[in-house]
Amino acid sequence: MQANNLSDDVEGNPDREDPFYQQGKVACVMFTVLLILSFLVIGIVTGVNFKKNPQEDQTRGLLSDDITAIPFQYKGRCSDGWASYKNTCYFLSANVYGTWEISQSFCHNNRAHLMVVNSEEELEFISRIAQKQTDYWIGLKRDKLGKWSWVNGDDYHSAPHFWDENQPAHGGMESCVHLKGTDTVRRKLLHDADCYSERYLICERKLEKGMW
């Protein structure tokens, strides 16, 4: 009687004794486990990426070779991506930015320095070719004693100043200077800012001798 019952079970459900059926079940379980593990790994990696310091990414972008300058019709005798004005070449970044120190390092690595504003005519030229609403770091900074100085050593008091109204505004807390983007005023004027804030930049270098 018992043997008949076992025989009936096998006949009613033949897959119970089919080895391919058992292997298929194991494969399905393993595939499900691998799929779950894959989702967990993707979630962990994505979470790490979201927690990365954005300043580090921007710093790497700024110091890389992947630089796209604003297209100019003022190239003159300067290198590609640089604009020419009175024996000086200018580079205005279009898609990279960083802190003031990182911007100055980038210019230095390109045999230049952050822009020094020497005259109203120079400022008018830069304002004409720059993006209207964009802020750009320039080479003016205040030390801990409150003294302003240009990165190339020029005397701060020997040239005219082009501060915007109510600028400089925040004393020692904002010690680096940028040209302020605006919707209403075409000529860019000077604003002080936190040196660790991130902005675009203007590099400046003299034309090499023999190219004048």
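Residues numbered from 1 in each chain as written. Predicted model: local features only at pLDDT ≥ 70, side-chain atom pairs only at ≥ 80, totals over all residues. Heavy atoms only, no water.

A short note on the environment of Asp 194
- Structurally, the position occupied by Asp 194 is in the loop between strand E7 (190–193) and strand E8 (200–206).
- Sequence separation of Asp 194 and Ser 175 is 19 residues, and the distance between their C-alpha atoms is 6.2 Å.
- Beyond its immediate sequence surroundings of up to four residues, Asp 194 is in contact with Trp 137, Met 173 and Glu 174.
- There is a polar contact of 3.0 Å between the side chain of Asp 194 and the backbone nitrogen of Tyr 196. (Helix = DSSP H or I, 4+ residues; strand = E, 2+ residues; numbered from the N terminus. Contact = heavy atoms within 4.5 Å. Polar contact = N/O pair within 3.5 Å; in protein donor to acceptor, adjacent residues only side chain to side chain.)

Brief notes about unusual backbone geometry
- Here the residue pair Gln 167 and Pro 168 is connected by a cis peptide bond, since its omega of -5 degrees sits within 30 degrees of zero.
- If you trace the backbone, Pro 168 turns up in the loop between strand E5 (148–150) and strand E6 (176–179).
- A positive phi angle, near 65 degrees, is found at Asn 87, a position not held by glycine.
- With respect to the helices and strands, Asn 87 occurs in the loop between strand E1 (83–85) and strand E2 (88–92).
- Judged by its relative accessible area of 26%, Asn 87 is partly exposed. (Buried < 20%, exposed > 50% of the residue type's maximum accessible area, 1.4 Å probe, protein only.)

Some thoughts on the state of the cysteines
- Summed over all chains, the structure comprises 3 disulfides.
- Residue pairing for Cys 78: its cysteine sulfur links by disulfide to Cys 89, the two sulfurs lying 2.0 Å apart. Looking down the S-S bond of the Cys 78 and Cys 89 bridge, the torsion is -90 degrees, so its handedness is left-handed. Taken as a pair, Cys 78 in the loop between helix H3 (54–63) and E1 and Cys 89 in strand E2 lie far apart in primary sequence, 11 residues in all.
- Residue Cys 89 is classed as buried on the basis of its relative accessible area of 4%.
- Note on cysteine connectivity: Cys 176 is disulfide-linked to Cys 195, with sulfurs 2.0 Å apart. One disulfide, between Cys 176 and Cys 195, carries an S-S torsion of 95 degrees and so falls in the right-handed class. Of this pair, Cys 176 sits in strand E6 while Cys 195 sits in the loop between E7 and E8, and the two are 19 residues apart along the sequence.
- Taking relative accessible area as the criterion, Cys 195 reaches 15% and is therefore assigned buried.
- Assigning the bonded cysteines of the protein consecutive numbers by sequence position, one obtains the connectivity 1-2, 3-6, 4-5. (Disulfide = S-S within 2.5 Å.)

A few points about the layout of surface pockets
- Taken as a whole, the largest pocket spans an internal volume of roughly 190 Å³.
- Lining the largest pocket are 11 residues; nearest its centre among them are Lys 141, Arg 142, Ser 175, Cys 195 and Tyr 196.
- Looking at the lining of the largest pocket, its residues break down into 2 nonpolar, 3 polar and 6 charged. (1 Å grid on protein atoms, 1.4 Å probe; cavity = no way out; pocket = protein on both sides within 12 Å on 5 of 7 lines; lining within 4 Å. Points joined across faces, edges and corners; volume = space filled by probe spheres on them. Nonpolar A, V, L, I, M, F, W, Y, C, P; charged D, E, K, R; others polar.)

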